[in-house]
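# Observations on the three-dimensional arrangement
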Amino acid sequence: MEFTCLSKGDGFHFPPCSMLNLCGFRILLDCPIDFSALTIFSPVPPAFSGRFDVESSQTEPVVRKRQRIEKQLDANDLIFEEPWYKTVKSLHLWDASFIDIVLISSPMGMLGLPFLTRSKGFAAKVYATEATSRIGQLLMEDLVSMHMEFRQFYGPKDSGCPQWMRWEELQVLPSALKEIALGKDCEELGAWMPLYSAADVKDCTRRVQTLKYAEEACYNGTLIIKPFSSGLEIGACNWTISCPQGNTACISNSIFGSSHAMEFDYDALQGNDLLVYSDFSSLKTMEDAENNTNNFGPVTGTSSNLREEDNHWQEAAATLLKNDGTSEEAEKLAFICTCSIDSVKAGGSVLIAIDRLGILLQLLEQLSIFLESSTLSVPVYIISSVAEKLLAYMNIIPEWLCKQRQEKLFSGEPLFGHVKLMKERKIQVFSAVHSPELLKNWQEPCIVFSPHWSLRLGAVVHLLRRWCSDQNSLLVLESGLDANMALLPFKPMEMKILQCSFTSGIGLQKVQPLLKTLQPKSLLFPKDLRCPIKFSESNKIYLYHENEMLCIPRMNHSTEIEIVTDLAYTFKVKSWKQESMSRLRGELFMEHGKYRLLSGSKTANSQQQRLLLHWGSPDLEKLLTELSKKGIDGSIKQVNGGAIDGAEPENPATTLLVHHPSKALIEVREACTVITAADENLASQISDAMDSVLGGI
Amino acid sequence: MPIECLVLGAGQEVGKSCVVVSINGKRIMFDCGMHMGYADSNRYPDFSRISDAGDFNSALSCVIITHFHLDHIGALPYFTQVLGYKGPVYMTYPTKALAPIMLEDYRKNMDRRGEEEQFTSQHIEECMKRVIAVDLKQTVQVDKDLQIRAYYAGHVLGAAMFYAKVGDAAIVYTGDYNTIADRHLGAAQIERLQLDLLITESTYANSVRDSKYNREGEFLKAVHKCVAAGGKVLIPTFALGRAQEICLLLEDYWERMNLKVPIYFSAGLTIQANMYYKMLVNWTSQKVKETYVTHNAFDFKHVQTFDRSLINAPGPCVLFATPGMLSGGYSLEVFMQWAPCEGNLVTLPGYCVVGTIGYKLMSGKPTRINLDKDTQIDVRCQVHQLSFSAHTDAKGIMDLVKFLSPKNAILVHGEKPKMAILKERIESELGIPCFYPANNETVSISSTGHVKAHASDTFIQRCLSPNFKFLKCGVPDKSASGSKCTEGISRLQVVDERVADSILVEQKCKKAKVIHQDELLLMLGEKEHEVKFAYCCPIRIEKSVQTGSKDLSSTDNQHLGLDKRSLLELLSVKLSNKLSEGNIQDFGEHLQIESFHVSVCLKDKCSHRTSNSIENQSELVFFCCNWSVADEKLAWNIISIMECCTLNTT
């Protein structure tokens, strides 16, 4: 077995990506996009000044940028071109056509899939849960539709290398942008891709084989693949793969307790031969702990003092909480709601750029409670091309929801609060910021939920432009985003900013107990995660690094084969010393990950009764007795050098002459006996006699 | 180990479905239904047969409920709460959601009829709490050995067929199913499985149903006619299933015909039921599913809640009222009011149990019905019977049995004479042993087992590489009969015997092991001793005039070399004409067919020659042959050809 971690990923929106070679099959785990890199591009420039900016960026930027290399970044440093998207950097080094299976664990892990499915020769089988596939599809469609704005703005581009990718352009990029574009080792330029089309998305989802919760999928009769909920998001899962060489479980980002998605089902991952642990989410908390910036609270940005502002960003970037646990998660939500209410009370609007579906659904519920109790009547808008479909879908997949939500199904209530709120028009859903219905209904102050969290795409861009100078308004961001960079185009920024982090994986302190419960025979664990992982004396632990292939010796010592009892009864059993043995018959099948010997459809017409393999050395006296039992008379005659064809004169042979019933000759050498007879029957009888004086099968 | 199947209910009848199957030490109860036709102890399956002591927890591994109909779930609260079964109960999400509604409805009716209460509301609630909901195709590991899985069955929302596997033995219990998609549900779907036993329903064991389409049309026409004339339409149904199906039908029709007549649902119960349907839209048919975003099909636009005051309100309307069959309650109350008016219509969807008003309406055209001693109802309204059925028909059952090809089949949930006919068909047409036990009978069938062994890598590798042998068969000696033979059968037979080179070794106190024969000697610590056969075979030579006999036996080595080759070539031609199997390879010095090795022998005295009497030696040439045991039969075949043939040298 071979394992390569292609990318550690980064938080919720950029799950880890790895390649696994199992039983000779190459399996890719997840195919995400790194949206945080999108911030090097400028959002679509504002309608009036936009044209001018683009014109100017064509001619003078090179000079301008050169002059201010070491200056503070500003909005003009960003790349004014149709953005490309950054995928996992080492994935493009693999030939897509060599991948046999792709396993998608979450909607986020699916967003880069069309890049793969549209590549030439890609023929892998893609598995994802039903919910992941559906949500993933909607997110991809949304992405394509949001990106459309760029395409409309910049006009059609010829295929080929865009302007910003040229070396001379890259050279003059400010170092912060350059690092994102090229990577630390300047080798990540190949990871950038032009966005897929709606047709690519369609083709991609068509290729996905969807699975129900814990449904078994059998690949090639050899691998049995099963998804179990990971708790990260609705439909998100961990995988178990069993093959004749052992059972493997793969854990990606998982959450123990969730108040929307089905909980992390770790029981199902117990007792495997190999556990691939690739939840890197605690890396983030580790770094944060080191930086000691665990402050919690909203921060007001002021444009006057740049340095002060930077400090604020750091504070804003502070995580809300590091532990998992639904109650703490709920506190965070409550805090966001309180801040939102405060802003609204002050006459400002609230813009919530959070793209975590579960968080969004809960926020909607909480917010409506807060609004109700505060007796404010503020409209809540959701602006996204797929919001309507997503919200509708959320209410019809009880199978992927947490226990409390399932209880709602059993008592006949809607699974999420938004259904009622939408009916009461407390929440209004619009497909785009420029849709006529929205313009008709628009009221300020208001609370708006809108993608995209990178602040480069979607309605959020327009609304930020509108509110960025209003100090009563509030912007709610996700962590994992470099806020300084993300907000560049919207400076000067007067809005309050609340950046919050939500649980997106297994906490460090839970790793050890988890491993103790799961008891894998061997464990693959990231080297970067500094946490105690000793869980048993006898088990093997392999530490892995990003982009280092790790070979793991075979997990179980022997393959198992099952022989149908009816067939086994037909075997002729021979015993030799301690052992009893029998020659196999039938046909070997690979069925459902198991080797099975079944009685062949066509039993060989002439079943060989002869023993085909002999060992030992024959006792000639005994042979004579055996022969005489069959009515064959003979005598022993020592001949030296009388070999077959005279080829081996140095090999001494003992000869046994048969006189009756007809003449025959048996030449016995050390490792060979030659029976010479003109009569088939006699030859076969002599051969039978040989069988009884030799070991054979 | 045999599989034992104890039929506690729905054996040669319809009602109180309950089958207990023992497989490899596990015992599973499929369905736990009650019989609508009885009010005594016959109402429930005879649970005492599972365990005399009443210790159901150790007697059963789990209970599986296929769908929410009372004849499949009606006895569950009694079994778990009153009899005290505490083990796991599995059903699909929709069944878990909808079953309490059905049970509660039933309990209330029991109450109303003044029957002794078998279980309380509390019981239902407690019982449902313990139920483990499963998704379709979700593989549930009940315990280490027992695995179950649900497959879509159609019939009603959430109905499932269940697959259960213990060790190597596997069975499927279908529950009720429908192989044809209807207005709101898809058709039953299952994958090919290796089954020892299939337990299938057989409600329509002997009939093939026509399309529903016409009946739907007639129904809609009747309803339209009635409301157009200002009449009221009463549709007595149970809260779940049929109500939604017919309502979908009406909604669609209302939309198409642009009708504005109100459609009422009698109680909050049914409105509530629609709520469930909306959330469970994923379990309905593809067509309904696809539209959920823009409009959830169960968001009925024309449906309003009914109010008692509306019973005698003027104007046309359509009313869905519970319970079905007009067995009492609200639907009966409305019926009493509406029946005397000629313009009204009562539509009875589905089956009505003997003794109900619905049954009386369907079984004749009564003008007056005696409700009890004091009450009489004048029936002047129209009565329409709508025979929708969500069960598969005989063709569907046969298709399923054929598709799954189980080793055995058991029929339940049907009428005895019809089951007998279906059993005959299954046995004669499909060759599958079939049983239809009566209640409380046990059927025992044998199950397949497997011997488990370790397999060596060499064995696996050797088995992965092909080992083709081509056998020519049906090639006759005479060309005349040959033409006949070749018509039907292909002349070339491909044999790929890969496992015959391998050996199963069993040692005492050790797991059996499968190894390749090459590994065997190493394992035994023995040296191979090859056993071969040899024979120096004389063949008659016919010389042409030019070549003298002396040329052959002479010591002129230069000529000999040439002649050796030509002789072998001649032999090769002869053999290839006559030999039906094997592939002749010419190596110049010798010919080889499998392990059979033949070369010209020029020795005066060869040890492999048996006949000493050499007459006409000049006309004979010797071919020395040797072969190994594996090709014994082939070798003697070749030798007999060689002995008979004559080589013509030119």
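Residues numbered from 1 in each chain as written. Chains lettered and ligands numbered in written order. Predicted model: local features only at pLDDT ≥ 70, side-chain atom pairs only at ≥ 80, totals over all residues. Heavy atoms only, no water.

The name given to chain B in an unreviewed UniProt entry is Cleavage and polyadenylation specificity factor subunit 3-II, with the source organism recorded as Rubroshorea leprosula. The heading Subcellular location (unreviewed entry) in the UniProt record of chain B holds the text "Nucleus". (UniProt positions renumbered as here; feature names shortened; annotations may be inferred.)

The name an unreviewed UniProt entry gives chain A is Beta-Casp domain-containing protein, with Rubroshorea leprosula as the organism. Taken directly from UniProt, the Sequence similarities (unreviewed entry) text for chain A runs: "Belongs to the metallo-beta-lactamase superfamily. RNA-metabolizing metallo-beta-lactamase-like family. INTS9 subfamily."

The helix and strand tally for chain B stands at 19 helices and 33 strands. Compactness check: chain B gives a C-alpha radius of gyration of 39 Å against a globular reference of 26 Å for 650 residues, more than 25% above the reference. Judged by the C-alpha coordinates and their principal axes, chain B covers about 130 × 60 × 45 Å. Considering only contacts within chain B whose residues lie at least 6 apart along the sequence, 71% involve residues at least 24 apart. Counting every atom, chain B has about 28,600 Å² of accessible surface; 49% of that belongs to carbon and sulfur. (Helix = DSSP H or I, 4+ residues; strand = E, 2+ residues; numbered from the N terminus. Rg over C-alpha atoms; globule rule 2.2 N^0.38 Å. Contact = heavy atoms within 4.5 Å. Areas by Shrake-Rupley, 256 points an atom, 1.4 Å probe, with all protein chains shown as cover.)

This part covers the side chain of R149 of chain B. Tracing the sequence through the fold places R149 of chain B in strand β8 (residues 146-152). On the basis of relative accessible area, R149 of chain B is assigned to the buried category, the value being 7%. Engagement of the side chain of R149 of chain B in a polar contact is seen with the side chain of T139 of chain B, the distance being 3.3 Å. Engagement of the side chain of R149 of chain B in a polar contact is seen with the side chain of Y151 of chain B, the distance being 2.8 Å. The contact partners of R149 of chain B, leaving out residues within four places of it in the chain, are E216 of chain A together with K137, Q138, T139, M161, F162, Y163, E191 and L193 of chain B. (Buried < 20%, exposed > 50% of the residue type's maximum accessible area, 1.4 Å probe, protein only. Polar contact = N/O pair within 3.5 Å; in protein donor to acceptor, adjacent residues only side chain to side chain.)

Moving on, we come to the pairing of strand β27 (residues 513-516) of chain B. Residue and element names in this part refer to chain B. Judged from the 2 bridges that link them, strand β23 (residues 450-455) and β27 form a sheet pairing that is parallel. Following the sheet pairing, A455 is matched in β27 by V514. Sheet topology places strand β26 (residues 502-506) next to β27; 4 bridges connect them, and they run antiparallel. Bridging across to β27, L504 finds its partner in V514. Connecting the antiparallel pair β26 and β27 is a turn made up of 6 residues, with C509 showing a positive phi of about 60°. (Pairing = 2+ DSSP bridges.)

Our next topic: the sheet that holds strand β25 (residues 559-564) of chain A. Read from one edge of the open sheet, 8 strands run β26(A)-β27(A)-β26(B)-β27(B)-β23(B)-β25(A)-β29(A)-β28(A), paired in mixed fashion. Strands with a single pairing partner mark the edges of an open sheet, and in this sheet they are β26 (573-576) and β28 (587-591) of chain A. Taken pair by pair, the neighbouring strands of this sheet meet at an average axis angle of 35°, ignoring direction. (Axes fitted to C-alpha atoms, helices over the stretch in contact; angles between N-to-C directions.)

Before going further, it helps to examine the nonpolar core. Ranked by internal contacts, the top residues of the largest apolar core, which has 241 residues, are I234 of chain A together with F47 and L250 of chain B. With 9 residues, helix α4 (residues 93-112) of chain B is the single largest residue contributor to this core. Not counting chain neighbours up to four residues away, the residues in contact with I234 of chain A comprise P107, A131, I135, H260, A261, L361, M394, I397, W400, L401 and F416 of chain A. Core analysis: the second largest hydrophobic core is formed by 83 residues, F41, W84, V201 and V208 of chain A among them. (Core = buried A, V, L, I, M, F, W, Y, C linked by side-chain atoms within 4.5 Å.)

Residues and elements named next belong to chain A. Most of strand β22 (residues 522-526) sits inside the fold, with 5 of its 5 residues counted as buried. Side-chain alternation along β22 places S522, L524 and P526 on one buried face and L523 and F525 on a second face that is also buried. When strand β14 (residues 274-277) meets β22, the two strands line up parallel, connected through 3 bridges. Of the residues in β22, the one forming a bridge with L274 is S522.

So, about the environment of V460 of chain A. Residues and elements named next belong to chain A. The topology assignment puts V460 in helix α16 (residues 459-467). Placed 82 residues apart in sequence, V460 and Y542 show a C-alpha to C-alpha distance of 44 Å. With sequence-adjacent residues up to four places away left out, V460 is seen in contact with L351, A353, S450, P451, H452 and L455.

The next subject is the sheet that holds strand β19 (residues 382-386) of chain B. All names here are of chain B. In space, the 6 strands of this open sheet follow the order β14-β13-β15-β12-β16-β19, with parallel pairing throughout. Where the open sheet ends on each side, the last strands, each with one partner, are β14 (303-305) and β19. Going across the sheet, the axis of each strand differs from the next one's by a mean of 25°, ignoring polarity. The pairing of strand β12 (residues 232-236) with strand β15 (residues 317-321) spans 5 bridges and is parallel. Its bridge partner being in β15, I235 is matched across the sheet by F320. The strands touched by helix α10 (residues 329-338) are β12, β15 and β16 (345-349); relative to β12, the strand with the most contacts, the crossing angle is about 150°.

Below, the discussion takes up the environment of G449 of chain B. As for its position among the elements, G449 of chain B is in the loop between β22 (441-445) and β23. As a C-alpha pair, G449 of chain B and M1 of chain B span 448 residues in sequence and 7.7 Å in three-dimensional space. When near neighbours in sequence (up to four residues on either side) are disregarded, G449 of chain B contacts I563, V564 and T565 of chain A together with D168 of chain B.

Turning to empty space enclosed by the protein, a few remarks are in order. Residues and elements named next belong to chain A. What the rule picks out here adds up to 6 cavities of 30 Å³ or more. By volume, the largest cavity is sized at about 410 Å³. L139, D142, D355, L390 and P451 are, among the 28 residues lining the largest cavity, the residues nearest its centre. Mapped by element, the contributors of at least two residues to the lining of the largest cavity are α4 (130-154), α11 (357-374) and α12 (387-394). It is α4 that provides the largest number of residues to the lining of the largest cavity, a total of 5 residues. Residue composition of the lining of the largest cavity, grouped by class: 20 nonpolar, 4 polar and 4 charged. In this structure, the second largest cavity occupies an estimated 100 Å³ of space. Considering the residues around the second largest cavity, the lining is formed by 13 residues, among which I255, G257, S258, S259 and E329 are closest to the centre. Secondary-structure elements contributing two or more residues to the lining of the second largest cavity are α10 (326-345) and α11. Taken together, the residues of the lining of the second largest cavity break down into 2 nonpolar, 9 polar and 2 charged. (1 Å grid on protein atoms, 1.4 Å probe; cavity = no way out; pocket = protein on both sides within 12 Å on 5 of 7 lines; lining within 4 Å. Points joined across faces, edges and corners; volume = space filled by probe spheres on them. Nonpolar A, V, L, I, M, F, W, Y, C, P; charged D, E, K, R; others polar.)

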